[in-house]
Amino acid sequence: MSTPLPPQTPPPAEYLTTRKDEFIGWARKFSLFPYPFVTACCAMEFMSVSSTPYDTDRFGAALPRFSPRQADLLMVVGTVTHKQAPILRKVYEQMCEPKWVMAFGVCASSGGFYRNYAAVQGIDTIIPVDIYVPGCPPRPETVIDAIMKLQDKIANQRHPIVNEDY
Ligand code: SF4
């Protein structure tokens, strides 16, 4: 006589939630749509990163969107002045959730060597920043490293389907 099988128990809710977060995180980390907010000389390096030898398409981040409503990665490339700060804030607010921000180069990260009344001393005084890219200008390899670190961050985040803040 065969022994009866143990009763099937449904997987706990946390298991399902974790698997859902893993799956959505995986999909989101490979479908980044950058919005380049480009203000200064780091632009040359941004163009270099976007060129064929570096191939950001490998990371699913090759297609820049020039409408904040269609983008989820705000790349702030270059020096931001206090006059531009409200514009940057508005662009950030127009992006839908979930969204991430990259400070590209030392000027965006900390004001760089523009230690004066006109330059914002780091964009994190205006908007939240997820990843900082060092260098003046940063090398393309540094930017690619930052994209990969951001991907890790996205993969390990919670991804609620419904915004729990509401
Ligand atoms: S970090 Fe250097 S290259 Fe980039 S915007 Fe500032 S001064 Fe220009």
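Residues numbered from 1 in each chain as written. Predicted model: local features only at pLDDT ≥ 70, side-chain atom pairs only at ≥ 80, totals over all residues.

Bringing the nonpolar core into the picture now. The biggest cluster of nonpolar side chains holds 34 residues, and the ones touching the most others in it are L73, L74, M75, V76, M102 and F104. Of all elements in the fold, only strand 1 (34–38), helix 2 (42–50), strand 2 (73–77), strand 3 (100–104), helix 4 (106–110), strand 4 (131–133) and helix 5 (140–155) reach the threshold of two or more residues within this core. (Core = buried A, V, L, I, M, F, W, Y, C linked by C-beta atoms within 7 Å. Buried ≥ 20, exposed ≤ 12 C-beta atoms within 10 Å, placed from the backbone. Helix = DSSP H or I, 4+ residues; strand = E, 2+ residues; numbered from the N terminus.)

Moving on to the sheet that holds strand 1. By way of backbone hydrogen bonds, the strands of a sheet pair with one another, either parallel or antiparallel. The parallel open sheet is built from four strands, whose spatial order is 1-2-3-4. What marks the edges here is a single partner per strand, and that holds for strand 1 and strand 4. Sheet twist, expressed as the mean angle between neighbouring strand axes with direction ignored, is 20 degrees. Helix-sheet contacts for helix 5 involve strand 3 and strand 4, and the interaxial angle to strand 4 is about 170 degrees. (Pairing = 2+ DSSP bridges. Axes fitted to C-alpha atoms, helices over the stretch in contact; angles between N-to-C directions. Contact = placed C-beta atoms within 7 Å.)

A word on the site of the ligand. All residues in the neighbourhood of the ligand are listed as A40, C41, C42, G78, T79, G105, V106, C107, G112, C136 and P137. Of the residues belonging to the shell around the ligand, the class tally is seven nonpolar, four polar and no charged. (Near = placed C-beta within 6 Å. Nonpolar A, V, L, I, M, F, W, Y, C, P; charged D, E, K, R; others polar.)

With that settled, the discussion passes to the pairing of strand 1. Summarising burial for strand 1: four of the five residues are buried, a large majority. In the sheet, strand 1 pairs with strand 2 via five bridges, with the strands oriented parallel. Across the sheet, the residue bridging to Y35 is L74, located in strand 2. Of the crossover connections in this fold, the one passing from strand 1 over helix 2 to the parallel strand 2 is left-handed. (Right-handed = clockwise from strand over helix to strand, strands pointing away.)

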